[in-house]
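Examination of the molecular architecture
So you can see what is in the structure, the chains are spelled out below.
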Amino acid sequence: MKNVLIGFVVAVVLTAAAHAAEPTGQEIIASVDAGRNPGQSFRVVDNLTEYVGGQPRNSMQLVIFATQNKATHQYNNLIRYVLPSRDAGKMVLFNGSNMWFYDPSSKASVRISPQQRLLGQASNGDVATVNLAKDYTAKLLGEEKLLDADKQTRDCWHLELKAATDEAVYSRVEYWVEKGTYHQIKGKFFSDSGRLLKIAYYHKFMPMLGRQVPAETIVIDSVNQNLVTTMAVSDMRAQDVPESWFQRDFLPRLKID
Amino acid sequence: MKKAVLFLTVCVVAFPAVAQENDDLGLIPGAVQTAAPPAATVQDRGKYAFANAFGWYGYRGSFAVSPGDAIPSRWNDRVSADALVTWKLSDSLRLTASDVLSASFADGVGFPREAVRNDLRELYATWEVAPETYLETGRINVRNGVAFGYNPTDFFRARTSVAQSSSDPGALRNNRLGTVMLRGQHVFDGGSLELIYAPKLHSPVPMGGLAYPLDPKFDQTNGSDRVLASFSFEWEDFSPQVLAFYDAGRFKFGFNASHPIGNSIIAYASWAGGNAPSAIVDAIAFGKRTRTLPATMLVLPPVSTSRSFKSDVSAGASWNGEDKETISVEYNFHEAGLSKEGWRGWFATGANPAFASLMWYIRGYSSDRQDPISQHQAFVRADWTEPFHILHADLSGYVMTDLTDGSCTGQVGASYDLSDFWSLGAYVSATTGGKRTEWGSLRSSTSAIVQLVRYF
């Protein structure tokens, strides 16, 4: 009995010590940003495949240009649609709350609202690079063991993120971040009304531009659970992306070759 | 037993609970794990499509102002091949072409002279003379403005229409002819400057003339010398743009801006103004210039022939909902258009059969210029992406209301992407209103069009 009591006390002390050294939610999310967002402007290819009823049905290829705004530390993004042919040449610009959609068929630039970032199963807001620590206030809910997309057990911090700015894509997000590596393992995304919109699993972490980036994200639609979309990033490379690109009038000028 | 309970307690305190969060892993299909890595390379391949659109048309039988005896075909089938492509000639030089070749089949349409039509929408070269500084020449489709129903600052819209399936003003902009021009643009941090010169290449030709199938129609798009200077900049999230436009002796100025309100609303406004005659005087002057109307033709219905400063305004807001629905509400003002009194004059004059065709000529002129004929209009557009959670489907509709008489034109449309390559669309349009109203006076009452598109 005495030994058990000693063991109990030791365990409590160790747990308390571990909790004392625990980073805050905000620190964890800042480390996630630091671990995955390249510290320079870049371009990346994103291939999206949509599975309906377990079978691939539609695909999409995007080229994304991103750079961190020196003043706000938020990321500005330009998204260019390459495939399918129906959408080829369409573009989306995210520059804070200055967001535009450009269609080469009509030569029209249409201003879009933050809400419209959520259009699409894997939405424009999902493929854009964001600074989570700037957009959200994070709270550490606890620690959990979680299976990742490859069914490997991960020791995770469970975080709740609430939108801190109008530029946050979702009003509330839950993240599971692997302890030690600061890899995002899973995310749950909620609408303004609190409805669960989608669940994302991040895996295949690979070095890209000196960071560990999830090469594939699997997005499960929480409303239509028959629908799963994969987002695979590749060919991430450093590229000078001037500030002057992030405005309406530059959209027709963006080249991908 | 006590030891076992204590041991379990220690374990619970010392180690976090295994999450129950993985039930959703079963939703990930096996095909995801076995999928081949996607292509990492990208190529700007352009956009190519074949389309077939079949339409039925309904017509009114009695009119306050007779549109003539000839009744158009009640059906039409249009086959088209469409291409939009940019070729890279060097790091700083590109060539862009956009073209649609179509053939229409309908009662009374002779093949191939009347049925085949090629619309070279764009063909231009772009030279990036310095970073973010561009010189372009050729036929270019330039569009300025932020409104959806009527864009006063869209100065190059006149006489650019190309046949298409949807009557939605948004679709009208998708298919239009560019203007031959020399264009320079410099984009800099927080703004851009643009200067355009579009030369007169041909004297204006009459409306409705039958062009040869391969006619590029430069006589439509380049009937006068025009210059446009525009300056866009960022200011307090309004993204304003100011414009100055010169068109054959007339100056016009324009301004447009937009601003987000909260998470879901974009408010926008567009204004253009300059000295101009009324739409009636302008139409009759054009008829005389193109010798469609005799030089002695009186201005009917009688209105002042003097020019005065006239404004065009579009102001509205667009709202987006959580379920991917968008609703836009817009007010349009076209000062040169017909007021309530102007409409009374139009109907009174047109009641005389001798002047009926002149009245329709005036309306045809406004339509050809893509100007509203009425002074006051309301435009409402609704779009619902993935309605009822149907993936790749879209429902849309619009209503344009003449606020002087309450008559309307509108359309309901549905489209569905069958795959990455096939799309199916259906559009039902109608005009409503009494015989002595803008939309109720038209011959066309209803139409239904089904369109199938194959993309490459």
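Shown above is the structure to which this text applies.
The following refers to the structure shown. Remember, predicted model here, so these are calculated numbers, not experimental data. (Residues numbered from 1 in each chain as written. Chains lettered and ligands numbered in written order. Predicted model: local features only at pLDDT ≥ 70, side-chain atom pairs only at ≥ 80, totals over all residues. Heavy atoms only, no water.)

Re the pairing of strand S6 (residues 108-111) of chain A
Sheet faces and side chains relate simply in a regular strand, where the side chains alternate between the two faces. Under the convention used in this document: At least two bridges found by DSSP between two strands is the condition for calling them paired. Secondary structure follows DSSP: runs of H or I at least 4 residues long count as helices, runs of E at least 2 residues long count as strands, and numbering of each begins at the N terminus.
The pairing of strand S5 (residues 98-103) of chain A with S6(A) spans four bridges and is antiparallel. Looking across to S6(A), one finds that A:Asp103 is bridged to A:Ala108.

So, the pattern of salt bridges
We count it as follows: Any Lys or Arg side-chain nitrogen found within 4 Å of a carboxyl oxygen on Asp or Glu counts as a salt bridge. Relative accessibility thresholds used throughout: buried, under 20% of the residue-type maximum; exposed, over 50%; partly exposed, between the two (1.4 Å probe, protein chains only).
Counting across every chain of the model gives 34 salt bridges over all chains. Where B:Asp44 meets A:Arg80, a salt bridge forms, and the shortest distance between an N and an O atom there is 2.6 Å. Note that B:Asp44 is positioned in the loop between helix H2 (30-34) and strand S1 (47-59) and A:Arg80 in strand S3 (residues 75-83), a pairing that runs across two chains. Among the residues examined, A:Arg80 registers a relative accessible area of 6% and is labelled buried. With its nearest N and O atoms 2.8 Å apart, the salt bridge here joins B:Asp119 to B:Arg117. Its relative accessible area of 27% is what places B:Arg117 among the partly exposed residues.

What to know about the nonpolar core
Let me state the cut-off plainly: We define the nonpolar core as a collection of buried residues of types Ala, Val, Leu, Ile, Met, Phe, Trp, Tyr and Cys that are connected through side-chain atoms lying within 4.5 Å of one another. Residues count as neighbours in contact if any of their non-hydrogen atoms are within 4.5 Å of one another.
In terms of nonpolar packing, the biggest core is built from 46 residues, with A:Phe65, A:Leu78, A:Trp245 and B:Trp346 touching the most fellow members. Tallying contributions element by element places helix H7 (residues 353-368) of chain B first for this core, with seven residues. Setting aside residues up to four positions removed in sequence, B:Trp346 forms contacts with B:Val65, B:Pro301, B:Leu338, B:Met359, B:Trp360 and B:Arg363.

Quick word on helix H6 (residues 340-350) of chain B
All of the buried residues along H6(B) are B:Gly342, B:Trp343, B:Gly345, B:Trp346, B:Phe347, B:Thr349 and B:Gly350. The inward-facing, buried residues of H6(B) abut H7 and strand S15 (393-402) of chain B.

So, the interface of chain B and chain A
To keep it simple, the criterion reads: Accessible area that two parts lose when put together, evaluated with a 1.4 Å probe and summed over both, is termed the buried area. Two N or O atoms count as a polar contact when they lie within 3.5 Å, although within protein this holds only if one can serve as hydrogen donor and the other as acceptor, and sequence-adjacent residues are included solely when both atoms are side-chain atoms. Side-chain classes are defined by residue name, with Ala, Val, Leu, Ile, Met, Phe, Trp, Tyr, Cys and Pro counting as nonpolar, Asp, Glu, Lys and Arg as charged, and the others, Gly among them, as polar.
Contacts between the two partners involve 95 residues from chain B, matched on the other side by 89 residues from chain A. Note on chain B versus chain A: buried area summed over both sides is about 7400 Å², and carbon and sulfur give 51% of it. Considering only the side of chain B, the residues that lose the most area to chain A are B:Asn263, B:Glu322 and B:Asp420, jointly responsible for 10% of the buried surface there. The interface formed by chain B and chain A holds ten salt bridges in total. Across the pair B:Glu322 and A:Arg195 runs a salt bridge, and its minimum N-O distance is 3.6 Å. Counting across the interface, chain B meets chain A through 49 residue pairs in polar contact (both at pLDDT 80 or more). Considering each element in turn, the side of chain B that touches chain A owes the most residues, six residues, to helix H1 (residues 2-14) of chain B. Tallied by class, residues from the side of chain B that touches chain A come to 40 nonpolar, 31 polar and 24 charged.

Side note on the packing of H6(B) against H7(B)
All names here are of chain B. In plain terms, the rule: Note on definitions: angles span 0 to 180 degrees between N-to-C directions of axes, and those axes are lines fitted to C-alpha atoms, for helices only across the stretch in contact. Angles below 35 degrees are treated as roughly parallel, those above 145 as roughly antiparallel, those between 65 and 115 as roughly perpendicular, and all remaining angles as oblique.
Contact pair H6 / H7: the axes reach a minimum separation of 7 Å and the direction vectors enclose 140°. Classified by the interaxial angle, the pair formed by H6 and H7 is oblique. For the pair H6 and H7, the contacting residues are Trp-343, Trp-346, Thr-349 and Gly-350 in the first and Pro-353, Phe-355, Ala-356, Met-359, Trp-360 and Arg-363 in the second.

From the geometry alone we can't say anything about function, so treat these as descriptive.
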